[in-house]
Structures are given as structure tokens and as C-alpha cells.
Amino acid sequence: MKKIITACSLLLCLAACNQEPANPPTVVMENMFTAMKNGNIEDMKKSITKADVAMLEAAEKLMTSIDPEGIQKIKSRMTEELKDKAQHIEYSLKNEKIDGDHATVEAEIITKDTAAANGKKISKQTFELVKEDNTWKIALTKPGNEMFNSMKGNMGPKKGDLKEGVEKLQKMDPDSLKMMIRKGLEAMDSMDRKKNEP
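First things first, this report covers the structure right here in the doc. All of these numbers come straight from a predicted model, not from anything done at the bench.

### A few points about the overall build of the protein
Helices and strands together make up the secondary structure of the protein, namely eight helices and four strands. N-terminal to C-terminal, the α/β element order of the protein is α-α-α-α-α-β-β-β-β-α-α-α. By the burial criterion, 31% of the 198 residues in the protein qualify as buried. Surface summary for the protein: the accessible area is close to 12500 Å², and the carbon and sulfur share equals 55%.

Following this line, the structure appears as C-alpha cells:
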């Protein structure tokens, strides 16, 4: 009897370990785009790795400790800007490829571009995802995921630079960091004024 119970327990453990994630990589990407269009940062965080969430939150916590009002204004305005830009994005996801705990999803992204002859800019990107706790997550630090640079602080494409960016923030003296936050607000104000000019 003990052998039967042990064998059944072992089979159940093996079955649980081999379960596929609830959502395939393409659905995770769909969820991210939906969260972007809704301007829902918390839902966006659900689609990225724990390490990326921790780094983003560490940066926000540090900057909030320096200038809580300034960082709240920046966060609010960036969220609205992201939501506004995401409203004008059309996309199609295809060619999902899974290789163990890594996956890629190709996307064709169409954005509004007044400089283009047809008013649209088409770009193709391959997004990288990793399996984390049996769930597919977008890895912001992976090279193919430069579309999400706004979440990384626009530190540049093709670089796993999220961690490096947080480390730079942590090394900055508080006065320099506060000045950077204020300059960011001034730049946003300037962009808003230009947008509203006739």
C-alpha cells in the first residue's frame, strides 16, 4: 500500500512539474499591450519578471524619498503619455517560439507618424520572455524588448541596462537626483506647451 501511495504521489509531482503555464507567451504580450492602452501600470507589472519589477520599484522608491511630489507628477504624466501613445498603436503578434524556459514572440507594430507619407510607421520586433514560477513573463532586460524603454527609463535599445540604471540612480547624490527630477518636469511642461501651440 505504501508503494502505491508513493508511486501516486510521485506521478502527481511529476505531472505538476510538467504543467504548461496558464497563458502562452502571445497571451502575455496581449495582456501587456492591453495594460498599456489602459494606462494600468500595475497590470503591466504582472507581465514582467519579478527582478524587473523589483528594480523599477527600487528606482521609484529612491526617487520618491528625494522628491515625493515631483516623482508623483512625473509618474502620473508618464502614465498618461504612455496611455495616449498606446491608443494609437496597432499590432499583430505571430511566430511564437518556445525553447524550454525561454520564448520569443514576433510583433509587427504600427504607430502614428506624421512624418511618414502614409502617416504610419511600421516596425518589427521580437520580444523575449522567460518562464518564471511556471508563468511566462516579459524580460525587460532582454535585448529585443526595447519597445518598453519607457519602463526602463529610455536608457537605450539592445542593452540589458535596467539594473545598471538603478545602480546609477543609487550612486547619485540627493541634490543631483532632485535636480534631475525637476528638469524632467520642466521638459514635460515644455513638451505640453508645444503640443498645445496652434
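### Let's talk about the environment of Glu-80
Position of Glu-80 among the secondary structure elements: in helix α5 (residues 68–87). A relative accessible area of 48% means that Glu-80 is categorised as partly exposed. Sequence separation between Glu-80 and Gly-39 is 41 residues, and the spatial gap between their C-alpha atoms is 6.6 Å.

### Observations concerning unusual backbone geometry
Phi angles above zero are rare outside glycine, and Asn-95 is one such case at about 50°. Residue position: Asn-95 is located in strand β1 (residues 90–99). Assessed through its relative accessible area of 43%, Asn-95 is described here as partly exposed. Unlike most non-glycine residues, Asp-133 shows phi in positive territory, near 50°.

### Topic: the environment of Lys-73
Locating Lys-73 in the fold gives a position in helix α5. Residue class for Lys-73 comes out partly exposed when judged on its relative accessible area of 40%. C-alpha of Lys-73 to C-alpha of Leu-185: the two residues are 112 residues apart in sequence and 7.7 Å apart in space.

### Some remarks on the packing of aromatic side chains
Within a pair of aromatic rings, the relevant descriptors are the distance that separates the centres and the angle that separates the planes. Scanning the model with the defined rule gives two aromatic pairs in all. Taken together, the aromatic side chains of Phe-33, Tyr-91 and Phe-127 make up a single cluster linked through ring pairs.

### Looking at the sheet that holds β1
Ordered by their spatial adjacency, four strands build an open sheet running β1-β2-β3-β4, and the pairing between neighbours is antiparallel. Of all strands in the sheet, those with a lone pairing partner are β1 and β4 (135–138), marking the two edges. For this sheet, the mean inter-axis angle between neighbouring strands, taken without regard to orientation, is 25°. Two elements, β1 and strand β2 (residues 102–112), share eight bridges in a ladder whose sense is antiparallel. Considered in β2, the bridge of Lys-94 is made with Glu-106. Its contacts with the sheet place helix α2 (residues 25–38) against β1, β2, β3 (120–132) and β4, and it is angled at close to 150° to β1.

### What to know about the pattern of salt bridges
Evaluated as defined, the whole model comprises eleven salt bridges. Here Lys-50 and Asp-133 are joined by a salt bridge, their closest N and O atoms 2.3 Å apart. One end of the pair, Lys-50, is in helix α4 (residues 50–66); the other, Asp-133, is in the loop between β3 and β4, with 83 residues separating them in the sequence. For the pair shown, Lys-50 and Asp-133 are each scored as exposed.

### Some points on the nonpolar core
Counting 23 residues, the largest nonpolar core has Met-29, Phe-33, Met-36, Ile-48, Leu-129 and Ile-138 as the members making the most contacts within it. Of all the secondary-structure elements, those providing two or more residues to this core are α2, α4, α5, β2, β3 and β4. Per-element accounting of this core gives the leading share, six residues, to α2. Beyond its immediate stretch of four places on either side in the chain, Leu-129 contacts Pro-25, Val-28, Met-29, Asp-101, His-102, Ala-103, Val-105, Trp-136, Lys-137, Ile-138 and Ala-139. Residues Met-55, Met-63, Val-166 and Leu-185 belong to the second largest nonpolar core, which totals eleven residues.

About the cut-offs
- Residues numbered from 1 in each chain as written.
- Predicted model: local features only at pLDDT ≥ 70, side-chain atom pairs only at ≥ 80, totals over all residues.
- Heavy atoms only, no water.
- Helix = DSSP H or I, 4+ residues; strand = E, 2+ residues; numbered from the N terminus.
- Buried < 20%, exposed > 50% of the residue type's maximum accessible area, 1.4 Å probe, protein only.
- Areas by Shrake-Rupley, 256 points an atom, 1.4 Å probe, with all protein chains shown as cover.
- Phe/Tyr/Trp six-rings, centres within 6.5 Å; stacked < 30°, edge-to-face > 60°.
- Pairing = 2+ DSSP bridges.
- Axes fitted to C-alpha atoms, helices over the stretch in contact; angles between N-to-C directions.
- Contact = heavy atoms within 4.5 Å.
- Salt bridge = Lys/Arg side-chain N within 4 Å of Asp/Glu carboxyl O.
- Core = buried A, V, L, I, M, F, W, Y, C linked by side-chain atoms within 4.5 Å.

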